[in-house]
Amino acid sequence: MIVISTNIGEPKTIVWNGKKEQTGIYKYPVEHPIFLGKEDVENDHVMDRKYHGGVDKACYLYSAEHYSYWKKFYPELEIPWGMFGENLTVEGLYENEINVGDTFEIGEAVVQATQPRQPCYKLGIRFQNPKVVKQFVDSGFPGVYVRVLKNGKVKTGDKMILKEKSDSVSIQKVFELLYTDNFQEEPLKQALNNKFLAESCRRDLLKKWKEHLENLK
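First things first, this report covers the structure right here in the doc. (Residues numbered from 1 in each chain as written. Predicted model: local features only at pLDDT ≥ 70, side-chain atom pairs only at ≥ 80, totals over all residues. Heavy atoms only, no water.)

Considering the overall build of the protein chain
Secondary structure summary: the protein chain contains seven helices and twelve strands in total. Computed over the C-alpha atoms, the radius of gyration of the protein chain is 17 Å, within 12% of the 17 Å expected from 2.2 N^0.38 for a compact globule of 217 residues. Expressed along its principal axes, the backbone C-alpha trace of the protein chain runs to roughly 55 × 45 × 30 Å. Across the 217 residues of the protein chain, 51% fall into the buried class. Counted over contacts in the protein chain with a minimum sequence separation of 6, partners at least 24 positions apart contribute 74%. Roughly 10,900 Å² of accessible area belongs to the protein chain as shown, and the carbon and sulfur atoms make up 50% of that amount. (Helix = DSSP H or I, 4+ residues; strand = E, 2+ residues; numbered from the N terminus. Rg over C-alpha atoms; globule rule 2.2 N^0.38 Å. Buried < 20%, exposed > 50% of the residue type's maximum accessible area, 1.4 Å probe, protein only. Contact = heavy atoms within 4.5 Å. Areas by Shrake-Rupley, 256 points an atom, 1.4 Å probe, with all protein chains shown as cover.)

What follows is the structure, encoded as structure tokens:
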């Protein structure tokens, strides 16, 4: 896996349901390295800290290979690296091959996979089409949030090297568990029992499957 773009976002004012608000989803490639800190990427702008940034979601990665999939849906739309709000566009990143808790070295930084992206309406604003949110869920390509275990600079061309493999469910499976109507007891238990899973994601899984889990007791 190789970083092919480092992306930073400036605050942008949007209008949603008649109200003005700011978002940092408009990220674009930068020529210089970016610094991964414990709670966010330095000089990046995370406007909604309830759902983005923080220790469990300090940096977001998306696969370069997935972009061709989206071009088929939006052939007329310019889709630059960073379109999904990712700080790092990575070649060779596949969510079904990355487990929650997997640890990687990227440039000077060391990161750990914590959860998939859960899309919101702001992705629809970036794509100029609210349908993209459902399309994102259906795609099975959520990208990967990471916590930063060691701060450091990351630049284009840096390799993403696996340091430690976690015996857990994949990022893609967690994404499926968040949106499917099909209760999957064993993968769900495996995800919930993983201490490296982001706490907000754990809460969402527990909320979604509360009734099923209570019936198992």
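Things to note about the sheet that holds strand S1 (residues 2-9)
Strand order in the open sheet formed by eight strands is S4-S1-S7-S6-S10-S9-S8-S12, and the pairing between neighbours is mixed. Only two strands of the sheet have a single neighbouring strand rather than two, namely strand S4 (27-30) and strand S12 (160-164). Taken pair by pair, the neighbouring strands of this sheet meet at an average axis angle of 40 degrees, ignoring direction. Sheet analysis places strand S8 (residues 103-106) next to strand S9 (residues 109-116), joined by four bridges and oriented antiparallel. For Thr103, the partnering residue across the bridge sits in S9 and is Gln112. (Pairing = 2+ DSSP bridges. Axes fitted to C-alpha atoms, helices over the stretch in contact; angles between N-to-C directions.)

Read these as geometric descriptors, not functional statements.
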